Amino acid sequence: MKLSVLYFSRSGHTRDMAEEIVSGMNSVEGAQARAFSLDSIDEDFLRESSCVVLGTPSYLACMAGQVKTWLDTESGKYGLAGKLGGAFATADYVHGGGDMAVQGILTHFMVRGMLVYSGGGSWGKPYIHLGPVAISDDLAKYAPTFRAYGTRMASKALELFGA
Ligand SMILES: Cc1cc2nc3c(=O)[nH]c(=O)nc-3n(C[C@H](O)[C@H](O)[C@H](O)COP(=O)(O)O)c2cc1C
């Protein structure tokens, strides 16, 4: 099963956390996950993916404008309806609006007809309510949570869609 982790990243934080999610996904047997910057997507791989996760830096407590533009103009090309969807963010501050950025992406994914999922509290610790958010001055501290999130998303995708 293919899984795509998409991201926009200017200074690399969101890219690094995308790779942590991919690592967690690929620890699940039968999962084949790859990360793509929004400007270099493997379009066939994305279309064939059963799960799509999208990450953004937090800009003014929202997703970055580049991510919103991709959702508005490009995302309709990839048959996202029916795929499992999730979102993640990086931010400079704990109270800088990372959850809002995640929620904005999840809302757009719902409009595209995706099956939005994070696992919430159902997997126990680490609790990830909407999607993982990493604070930029200590990315390593958040890496295990991002890997756990990747494992959860891939496990749910396999449960729903099979290998
Ligand atoms: C235009 C702009 C707006 C930002 N707004 C916020 C914000 O509202 N809250 C926050 O915590 N961080 C904010 N940041 C910091 C970024 O979200 C943070 O550094 C992020 O990890 C950058 O991701 P990247 O390295 O993938 O580009 C902002 C950065 C920029 C450039």
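Residues numbered from 1 in each chain as written. Predicted model: local features only at pLDDT ≥ 70, side-chain atom pairs only at ≥ 80, totals over all residues. Heavy atoms only, no water.

Engineer: Would you explain a nonpolar patch on the surface in this entry?
Structural biologist: Together, Leu-115, Leu-160 and Phe-161 make up an exposed nonpolar region whose accessible area comes to about 250 Å². Its location among the elements puts Leu-115 in strand E6 (residues 115-116). (Patch = residues over 30% accessible without salt bridge, like charges linked within 9 Å, V, L, I, M, F, W, Y side chains within 5 Å. Areas by Shrake-Rupley, 256 points an atom, 1.4 Å probe, with all protein chains shown as cover. Salt bridge = Lys/Arg side-chain N within 4 Å of Asp/Glu carboxyl O. Helix = DSSP H or I, 4+ residues; strand = E, 2+ residues; numbered from the N terminus.)

Engineer: Honestly, the site of the ligand in this entry has me stumped. Any pointers?
Structural biologist: The ligand sits among 17 residues. The nearest are Ser-9, Ser-11, Thr-14, Ser-58 and Thr-90. Within the contact set of the ligand, an oxygen atom lies 2.5 Å away from a side-chain nitrogen or oxygen of Ser-9. Here an oxygen atom of the ligand sits 2.9 Å away from a polar atom, N or O, in the main chain of Leu-60. When the free accessible area of the ligand is taken as 650 Å², the share hidden by the protein chains comes to 79%. A molecule is said to occupy a pocket when more than half its atoms come within 2 Å of that pocket's grid points, and by this definition the ligand occupies the largest pocket. For the shell around the ligand, the elements supplying multiple residues, two or more each, are helix H1 (13-26), strand E3 (51-59) and strand E5 (84-91). In terms of residue count, E3 provides more of the shell around the ligand than any other element does, three residues in total. A class-by-class count of the residues in the shell around the ligand yields six nonpolar, nine polar and two charged. (Near = heavy atom within 4 Å. Polar contact = N/O pair within 3.5 Å; in protein donor to acceptor, adjacent residues only side chain to side chain. 1 Å grid on protein atoms, 1.4 Å probe; cavity = no way out; pocket = protein on both sides within 12 Å on 5 of 7 lines; lining within 4 Å. Sits in = over half its atoms within 2 Å of the grid points. Nonpolar A, V, L, I, M, F, W, Y, C, P; charged D, E, K, R; others polar.)

Engineer: Got a minute to help me understand the packing of helix H3 (residues 65-73) against helix H4 (residues 98-111) in this structure?
Structural biologist: To describe two helices that pack against each other, one gives the angle between their axes and the distance between the axes. Interaxial distance between H3 and H4 falls to 11 Å at its minimum, and their mutual angle equals 5 degrees. Viewed along their axes, H3 and H4 adopt a mutual orientation that is roughly parallel. Within the contact between the two elements, H3 uses Val-67, Lys-68, Leu-71 and Asp-72 and H4 uses Ile-105, His-108 and Phe-109. A breakdown of the residues in the contact of H3 with H4 according to their chemical character gives four nonpolar, one polar and two charged. (Axes fitted to C-alpha atoms, helices over the stretch in contact; angles between N-to-C directions. Parallel < 35°, antiparallel > 145°, perpendicular 65-115°, else oblique. Contact = heavy atoms within 4.5 Å.)

Engineer: Help me understand the packing of H1 against helix H5 (residues 139-161) in this model?
Structural biologist: Interaxial distance between H1 and H5 falls to 6 Å at its minimum, and their mutual angle equals 45 degrees. One way to sum up the angle between H1 and H5 is to call them oblique. Of the two possible hands of crossing, H1 and H5 adopt the one that is right-handed. Between H1 and H5, the contacting residues are His-13, Asp-16, Met-17, Glu-20, Ile-21, Ser-23, Gly-24 and Met-25 on the first element and Leu-139, Tyr-142, Ala-143, Phe-146, Arg-147, Tyr-149, Gly-150, Thr-151, Met-153 and Ala-154 on the second. Partitioning the contact of H1 with H5 into residue classes produces 10 nonpolar, five polar and three charged. (Left-handed = near helix turned anticlockwise from the far one by under 90°.)

Engineer: Please explain the UniProt feature "domain: Flavodoxin-like" (unreviewed entry) in the chain as it appears in this structure.
Structural biologist: The feature "domain: Flavodoxin-like" (unreviewed entry), as given by UniProt, occupies residues 3-163 in the numbering adopted here. A distance of 11 Å separates the end C-alpha atoms of residues 3-163, which is 41% helix and 22% strand. (UniProt positions renumbered as here; feature names shortened; annotations may be inferred.)

Engineer: Explain H1 to me, please; I cannot follow it from the model alone.
Structural biologist: Every α-helix carries 3.6 residues per turn, so stepping three or four residues along brings you back to the same face. Look at H1: 20 Å from first C-alpha to last across 14 residues, which is about the 20 Å you get at 1.5 Å a residue. Along H1, the residues that are buried comprise Thr-14, Met-17, Ala-18, Ile-21, Val-22, Gly-24 and Met-25. Take H1 and look down its axis: the buried residues cluster within an arc of 160 degrees, on one side only. (Expected span 1.5 Å × (residues − 1). Buried < 20%, exposed > 50% of the residue type's maximum accessible area, 1.4 Å probe, protein only. Arc of directions from axis to C-beta.)

Engineer: Would you mind going over the layout of surface pockets with me for this structure?
Structural biologist: If a probe the size of a water molecule is rolled over the atoms, the empty space left behind becomes visible. There is about 240 Å³ of room inside the largest pocket. Elements supplying a minimum of two residues to the lining of the largest pocket: H1, E3 and E5. With three residues, E3 is the single largest residue contributor to the lining of the largest pocket. Computed from the structure, the second largest pocket encloses a volume of approximately 150 Å³. Taken together, Asp-99, Pro-126, Tyr-127, Ile-128, His-129, Leu-130, Gly-131, Pro-132, Val-133, Tyr-142 and Thr-145 make up the full set of residues lining the second largest pocket. Broken down by class, the residue content of the lining of the second largest pocket amounts to seven nonpolar, three polar and one charged. (Points joined across faces, edges and corners; volume = space filled by probe spheres on them.)

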